[in-house]
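A look at the structure
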Amino acid sequence: MADILATHGGWRLALFAAAVLLYLLIHAARLPFVAVARVLAGLLRGLDTRLSAAITPPVTRAGGSSHA
């Protein structure tokens, strides 16, 4: 780290550290939104399954045979 500090200077090292910190903060800030989106997607998938099952009539095979 000392050689990087000597080569590029303290300000550039501080700016790089600030950029990394900003990236991590933005990533952490979006995590709750991602979690909510996944929960909502799961709820909508379950609702879609239930509504489809309630609306569509049961499937019957032609000929009345229950064998495959």
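Whatever comes next refers back to the structure up there.
A quick note: this is a predicted structure, and the numbers were derived from the prediction, not measured. (Residues numbered from 1 in each chain as written. Predicted model: local features only at pLDDT ≥ 70, side-chain atom pairs only at ≥ 80, totals over all residues. Heavy atoms only, no water.)

Let us look at the overall build of the protein chain. Check the secondary structure of the protein chain and you find 2 helices and 0 strands. Taken over C-alpha atoms, the radius of gyration comes to 28 Å for the protein chain, far larger than the 11 Å a tight globule of 68 residues would show. Each principal axis of the C-alpha distribution contributes one length, and for the protein chain these read about 85 × 25 × 10 Å. Classification of the 68 residues of the protein chain by burial places 0% in the buried group. Working note: accessible area of the protein chain is about 6,500 Å², and carbon and sulfur atoms make up 72% of it. (Helix = DSSP H or I, 4+ residues; strand = E, 2+ residues; numbered from the N terminus. Rg over C-alpha atoms; globule rule 2.2 N^0.38 Å. Buried < 20%, exposed > 50% of the residue type's maximum accessible area, 1.4 Å probe, protein only. Areas by Shrake-Rupley, 256 points an atom, 1.4 Å probe, with all protein chains shown as cover.)

What follows is about a nonpolar patch on the surface. Taken together, the side chains of Phe16, Val20, Tyr23 and Leu24 make up a nonpolar region of the molecular surface, amounting to roughly 450 Å² of accessible area. The topology assignment puts Tyr23 in helix 2 (residues 10–55). Exposure remark for Tyr23: the relative accessible area of 57% places this residue in the exposed category. (Patch = residues over 30% accessible without salt bridge, like charges linked within 9 Å, V, L, I, M, F, W, Y side chains within 5 Å. Salt bridge = Lys/Arg side-chain N within 4 Å of Asp/Glu carboxyl O.)

A word on the environment of Val36. Relative to the helices and strands, Val36 resides in helix 2. According to the relative accessible area criterion, Val36 is partly exposed, its value standing at 49%. Separated by 27 residues in sequence, Val36 and Gly9 have C-alpha atoms that sit 42 Å apart.

Structural measurements only, silent on function.
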